[in-house]
Amino acid sequence: MTLQTEATGERPPAESGVGTLTTSEGGLPLESLAVHADIAGLAAAVEVVQEFRNSFSVPLEATYVFPLPDRAAVTGLVMHADGRTVRAELRERGEARQAYDEAIAAGQRASIAEEDRPDVFSMRVGNILPGERVTVRLTLSQPLPYEDGTAVFRFPLVVAPRYIPGETLPGPDSGLGVHPDTTAVPDASRISPPVLLPGFPDPVTLSLTARVDAAGLPLGPLECTHPLSQDASGLVTLGHGQRLDRDFVLRLPYGVQSGGEAADQVSGITESLLFTPDAEGDEGTFTLTLLPALEADPRPKDVVLVLDRSGSMQGWKMVAARRAAARIIDSLHGRDRFAVIAFDHLVETPPGLPAGLSEATDRNRFRAVEHLAKTEARGATEMLQPLREALTLLGAPGRDRVLVLVTDGQVGNEDQILAALPPAELDGVRVHTVGIDRAVNAGFLGRLAAYGQGRCELVESEDRLDAAMEHIHHRIAAPVLTGVTLRAGEGLEILADTVSPARPASVFPGVPLVVSGRYRGSGTSLTAVAAAQSWERAFQAVTAASSPATALWARAHLRDLEDAYAGDPSQAREAQVVATSLRHGVLCRFTAYVAVDSRFVTEGGDPQQVVQPVELPQGWAIESAAGPVAASAPLAMPAPAAAAPSRQRMSRSAPAFGAAPPPAPPGGPMPPARAGAFARPAGRPMPRPAMATPPPPPPTPDLTPLLALELQRLRALADAPRSTRLAHLTDLITRLEALSLPDLADLLASYPTLPDPLTLWSPLEEALTALTTPHPPRRPFWKR
């Protein structure tokens, strides 16, 4: 296929990277992405390098929406440009955004990194001069989950489209994405980057290396989702030509841990306790790990399986989800009870099974599996209602209660869902999540599993399904310990409200439980207690002067605090989140890293905004995308405005470079797209081709004063004679029709059909009042 630009008709040069998109002046700004990980045991130190290049003739501001591991702690940012190095400062998010906007308006080079979800971040780099390269380096500390003898290093590479529910919010959007902000997802425009159509090569050069140090543990052959090479020193290198279209997953089969750890002969639980003292003072971070044996005695349980059958689950994901669900049902015993709920924008249960929970007889399990075999992907992802119905079915105490959600997790209203499932409703219910996708929403699924004290298992391919379902079988089994709490030893204090996870946790077969928190004092012992099992164990700590434990604890604790804020958005909780983030130097949703170069490189004003499109995740079809798929080629830069707008307000009046159209209706297919064009629904204007000297767009007039004057006249004639009012109304309608206001269109169209035209008087007065009443300022999007 030959790719041409409308502006020039020229073919991209042969050396232009995987699928370069060009205009008459150049390609997209993100030129390369490099990731290096130093893996030591069950932790990794990661450096992410993003290189931006301005191939245009005007200064640019590049925006890139990108994923990071949801449990990684972002601990630093450094910007390199023109031989200068600027180390970023972590600040409260509003302050950081103001500092960045002021620097850009003044003509300084600057960058800002912000978190919008636990696994979705945005980078803005402003005042990149023509022909210039700017490099941004992020540093992270990342824990490696360990299950059934295998540690997993997972690094996401693409933000998948997500289903965005809710009504469109008035006013400017908070970002430059393809979805407008909505009542359910007030920052939808920040998590919906434009998506490249499939079949076009990727303009971003990807490199990824990992150095593996088993930390004295036996290490078996590595398994990976991508082609790798490995040298004698343990350096793993990603194969050439890989795309940013799926998660990178590296599995490290470690042997049984030994040395510095004690085995509890009664319960078969291996334990370790690590203390990491602060550089100053008598405080520090503790990390307790409990690892039980793989087997546990089964107990009767109630299991509700919730299966996502929405449109984004099309293809191999739906096949894998059906198989996963069937495996879960087949693993049940005769003493168990179960229910199956399949959902998109509707909720369905298998016909032939009784309402509520069914006994796990061979007949009932066969009927459920038979129904699952016929389940196909369709519709929108309305997840809250089926979760609520599942919790209602699990209301009876006296048995182990388990909820299993099988989904790709591609929703944008994560906070809304979690806030609607308060801990009281989850009390006594274990929630396990099975994420099926090559670019899964791991942040949300991990948070939901943490809410329900369960496990999150991620499946990135059909080949991995059988092994993953073996893990799930252990997760559904009865826990070895429940309600684990900690008690400080002599001379030691556990600081209040610092333990993560915040709720008493459970220990499952073959899965380590990691509990971390802050301590004060000189003592070196802690005691773990599980009262329900009459289990108690005291043990001594091993002290490590330098480790990522404090950053990893801060990240986990910040997630707990942010989840609590979602249910109770008080100023006190906000202050606690900000203080914790700033003290420990870990990025969160309420803070941002901002780097400002002291040198002035432009004359000021707003640079040209460019939004970096992302790949469609591997295995996705256009019709299954949760949002619009757009921006293949050609792409056009919108003309610079005659007067620079305020940088505090995002406008969707003109599409950003690489922007996409608004979403298709829930469950509806995306409109077909031709090669070299945007995929867009009817009625959305195409961006104009780039021009050598583009004219400025006409300014949007402020009609509020004129409408206020018309409202004043209307109210003044409220008691006038009928003939006077009728004449005024007739003239007023002609004036309003000329303004072409969408908010008045239906009202004005009804005028000729009314038996009495004056019945329009009051509705028109109300509509003009609404249009002229100032809206109260909206809260910052990260606080909504």
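Residues numbered from 1 in each chain as written. Predicted model: local features only at pLDDT ≥ 70, side-chain atom pairs only at ≥ 80, totals over all residues. Heavy atoms only, no water.

Below, the discussion takes up the packing of aromatic side chains. Under the defined criterion, the tally for this structure stands at 5 aromatic pairs. With centroids separated by 6.1 Å and ring planes inclined at 25 degrees, the aromatic side chains of Phe66 and Phe121 adopt a geometry described as stacked. Of this pair, Phe66 sits in strand β3 (residues 60–67) while Phe121 is found in strand β8 (residues 120–128), placing the two residues 55 residues apart along the sequence. There is no split in this pair, since Phe66 and Phe121 are both buried. (Phe/Tyr/Trp six-rings, centres within 6.5 Å; stacked < 30°, edge-to-face > 60°. Helix = DSSP H or I, 4+ residues; strand = E, 2+ residues; numbered from the N terminus. Buried < 20%, exposed > 50% of the residue type's maximum accessible area, 1.4 Å probe, protein only.)

Here we come to the pairing of strand β11 (residues 150–155). Most of β11 sits out of view: 5 of its 6 residues are buried. Sheet analysis places strand β10 (residues 146–147) next to β11, joined by 2 bridges and oriented antiparallel. Pairing of Tyr146 across the sheet is with Ala151, part of β11. With antiparallel pairing between neighbouring strands as the criterion, β10 and β11 make up a hairpin whose turn holds 2 residues, including Asp148 at a positive phi of roughly 50 degrees. Pairing of β11 with strand β16 (residues 248–253), which is carried by 6 bridges, proceeds in the antiparallel orientation. For Thr150, the partnering residue across the bridge sits in β16 and is Pro253. (Pairing = 2+ DSSP bridges.)

Turning our attention to helix α9 (residues 549–567). End to end, α9 covers 28 Å across 19 residues, agreeing with the expected 27 Å (1.5 Å per residue, within 8%). With 14 of 19 residues buried, α9 lies mostly within the body of the structure. (Expected span 1.5 Å × (residues − 1).)

Here we take up the sheet that holds strand β13 (residues 223–224). Read from one edge of the open sheet, 4 strands run β10-β11-β16-β13, paired in antiparallel fashion. A strand with exactly one partner marks an edge of an open sheet, and here the two such strands are β10 and β13. Pairing of β13 with β16 involves 2 bridges; the strand directions are antiparallel. From the neighbouring strand, Glu223 faces β16, where its bridge partner is Arg251.

Once that is clear, we can look at the confidence of the model for the protein chain. Summing up the model confidence of the protein chain, the mean pLDDT is 81 and the portion of residues at 70 or higher is 82%. Counted against residues more than four places away or in other chains, residues 1–24, with its pLDDT under 50, gives 55 contacts. A low-confidence stretch, residues 256–267 stays under pLDDT 50, and its non-local contacts, those more than four residues away or across chains, total 19 contacts. (pLDDT = per-residue confidence, 0-100. Contact = heavy atoms within 4.5 Å.)

What follows concerns the pattern of salt bridges. Opposite charge on two side chains lets them pair, provided their charged atoms get close. By the definition in use, this model includes 50 salt bridges. The shortest N-O distance in the salt bridge between Arg133 and Glu51 comes to 3.9 Å. Separated by 82 residues along the polypeptide, Arg133 in strand β9 (residues 133–143) and Glu51 in strand β2 (residues 43–53) bring together distant segments of the chain. Residue classification places Arg133 among the partly exposed positions, given a relative accessible area of 41%. On the accessibility criterion, Glu51 (21% relative accessible area) is partly exposed. For Asp400, the salt bridge goes to Arg430, with nearest N and O atoms at 4.0 Å. Taken together, the residues span a long stretch of sequence, with Asp400 in strand β24 (residues 400–407) and Arg430 in strand β25 (residues 429–436) at a distance of 30 residues. (Salt bridge = Lys/Arg side-chain N within 4 Å of Asp/Glu carboxyl O.)

The linkage connecting Ser500 with the following residue, Pro501, adopts the cis geometry, with an omega of 5 degrees. Looking at the secondary structure, you find Pro501 in the loop between β28 (492–494) and β29 (505–507). You will see that Ser534, though not glycine, has its phi angle at about 50 degrees, which is positive. Positionally, Ser534 belongs in the loop between β31 (525–530) and β32 (535–540).

This part takes up helix α4 (residues 384–393). For α4, every residue scored as buried is listed here: Leu384, Pro386, Leu387, Ala390 and Leu391. For α4, the angular spread of the buried residues around the axis is 170 degrees, confining them to a single face. (Arc of directions from axis to C-beta.)

A word on the environment of Val158. By secondary structure assignment, the location of Val158 is in the loop between β11 and β12 (205–213). In contact with Val158, not counting residues within four places along its chain, are Pro67, Leu244, Asp245, Arg246, Ala439, Val614, Glu615 and Pro617.

Moving on: the nonpolar core. Among the nonpolar cores identified, the biggest contains 61 residues, and Ile39 and Phe153 are the most heavily contacted of them. Not counting chain neighbours up to four residues away, the residues in contact with Phe153 comprise Ala37, Ile39, Ala44, Val46, Gln142, Leu144, Phe248, Val249, Leu250 and Leu252. Of all hydrophobic cores here, the second largest spans 31 residues; its members include Val303, Ile328, Ile436 and Ile472. (Core = buried A, V, L, I, M, F, W, Y, C linked by side-chain atoms within 4.5 Å.)

Looking now at the pairing of strand β30 (residues 513–521). Bridge analysis of strand β19 (residues 283–291) against β30 gives 8 bridges, and the strand direction is antiparallel. Following the sheet pairing, Phe286 is matched in β30 by Gly517. As paired strands, β28 and β30 are joined by 3 bridges and run antiparallel to one another. Paired with Leu492 across the strands is Gly521, a residue of β30.

This part is about the sheet that holds strand β4 (residues 73–81). Taken together, the 8 strands give an open sheet; going across it, the order is β5-β4-β9-β2-β1-β12-β15-β14, and neighbouring strands pair in mixed fashion. Each end of this open sheet is capped by a strand with a single partner; those strands are β5 (84–87) and β14 (228–230). On average, adjacent strands in this sheet sit at an angle of 15 degrees to one another, irrespective of strand direction. (Axes fitted to C-alpha atoms, helices over the stretch in contact; angles between N-to-C directions.)

A word on the packing of helix α11 (residues 704–716) against helix α12 (residues 722–739). For the pair α11 and α12, interaxial distance at closest approach is 12 Å and the crossing angle is 165 degrees. Here α11 lies roughly antiparallel to α12, going by the angle between them. For the element pair α11 and α12, the recorded crossing hand is left-handed. Between α11, through Leu706, Leu707, Glu710, Arg713 and Leu714, and α12, the contact on the second element is made entirely by His728, Leu732, Arg735, Leu736 and Leu739. (Parallel < 35°, antiparallel > 145°, perpendicular 65-115°, else oblique. Left-handed = near helix turned anticlockwise from the far one by under 90°.)

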